[in-house]
Amino acid sequence: QVQLVESGGGLVQSGGSLRLSCAASGRTFSRLGWFRQAPGKDREFVSSINCSIGNTNYADSVKGRFTISRDNAKNTVYLQMNNLKPEDTAVYYCAAQRYLNAYSHARLYDYWGRGTQVTVSS
């Protein structure tokens, strides 16, 4: 049974940092990614990592502030979020692809976690 379990969300002040974790189990994946969804908005791509070669991708809105990484031994992907802004407030979801596909389209991910809330106060 495939499971993606996120953790690490919370409330932080503007300019602060958080690290999200996603523990993946049940099979191997080609790509792991992070998406977010704010109230009243569509789910949007944040970042992804190729599980084999480690290539990473970022949304323009988070480049230079967020870093995605993985620990293959633990089958876990992390999202280090620095210099957080109120507009980063959202539910953050971990997602996985069985086979490599375009990295920024939510519909091309096969598995999803339940999400973790990130709230950034001004």
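> I'd like to hear about the nonpolar core, residue by residue, with values.
If you look at the biggest cluster of nonpolar residues, it comprises 31 residues, and the most contacted ones within it are Trp34, Leu79, Met81 and Tyr92. Of all the secondary-structure elements, those providing two or more residues to this core are strand E3 (18-25), strand E4 (31-37), strand E5 (44-50), strand E7 (66-71), strand E8 (76-81), strand E9 (90-97) and strand E11 (116-121). For this core, the element with the highest residue contribution is E9, accounting for five residues. Tyr92 has contacts with Glu6, Leu20, Trp34, Phe35, Arg36, Val46, Phe66, Leu79, Met81, Gly115, Thr116 and Val118, leaving out every residue within four places of it along the chain.

> For the pattern of salt bridges, give the residues involved together with the corresponding values.
Close approach of charged atoms allows side chains with opposite charge to pair. Going through the model one piece at a time under the given rule, you end up with five salt bridges. Arg36 is the salt-bridge partner of Asp88, the closest N and O atoms lying 2.9 Å from each other. Taken together, the positions of Asp88 in the loop between E8 and E9 and Arg36 in strand E4 put the pair 52 residues apart, joining distant regions of the chain. On the accessibility criterion, Arg36 (5% relative accessible area) is buried. Through salt bridges that share partners, Arg36, Glu44, Arg65 and Asp88 make up one connected network.

> Explain unusual backbone geometry to me, and be specific about the residues and the numbers.
Of note, the phi angle at Asn75 is positive, near 50°, even though the residue is not glycine. Here Asn75 is to be found in the loop between E7 and E8. Residue Asn75 is classed as partly exposed on the basis of its relative accessible area, which comes to 28%. Residue Asn83 is not a glycine yet carries a positive backbone phi of 50°.

> Describe the sheet that holds E8, and please don't skip the residues or the numbers.
One open sheet accounts for four strands, arranged E1-E3-E8-E7; its pairing is antiparallel. Two strands bound the open sheet, and with one partner strand each, they are strand E1 (3-7) and E7. For this sheet the average axis-to-axis angle between neighbouring strands, irrespective of direction, equals 15°. Bridge count for E7 against E8 is six bridges, and the pairing is antiparallel. Within the sheet, the bridge partner assigned to Ile68 lies in E8 and is Leu79.

Rules used in this analysis
- Residues numbered from 1 in each chain as written.
- Predicted model: local features only at pLDDT ≥ 70, side-chain atom pairs only at ≥ 80, totals over all residues.
- Heavy atoms only, no water.
- Core = buried A, V, L, I, M, F, W, Y, C linked by side-chain atoms within 4.5 Å.
- Buried < 20%, exposed > 50% of the residue type's maximum accessible area, 1.4 Å probe, protein only.
- Helix = DSSP H or I, 4+ residues; strand = E, 2+ residues; numbered from the N terminus.
- Contact = heavy atoms within 4.5 Å.
- Salt bridge = Lys/Arg side-chain N within 4 Å of Asp/Glu carboxyl O.
- Pairing = 2+ DSSP bridges.
- Axes fitted to C-alpha atoms, helices over the stretch in contact; angles between N-to-C directions.

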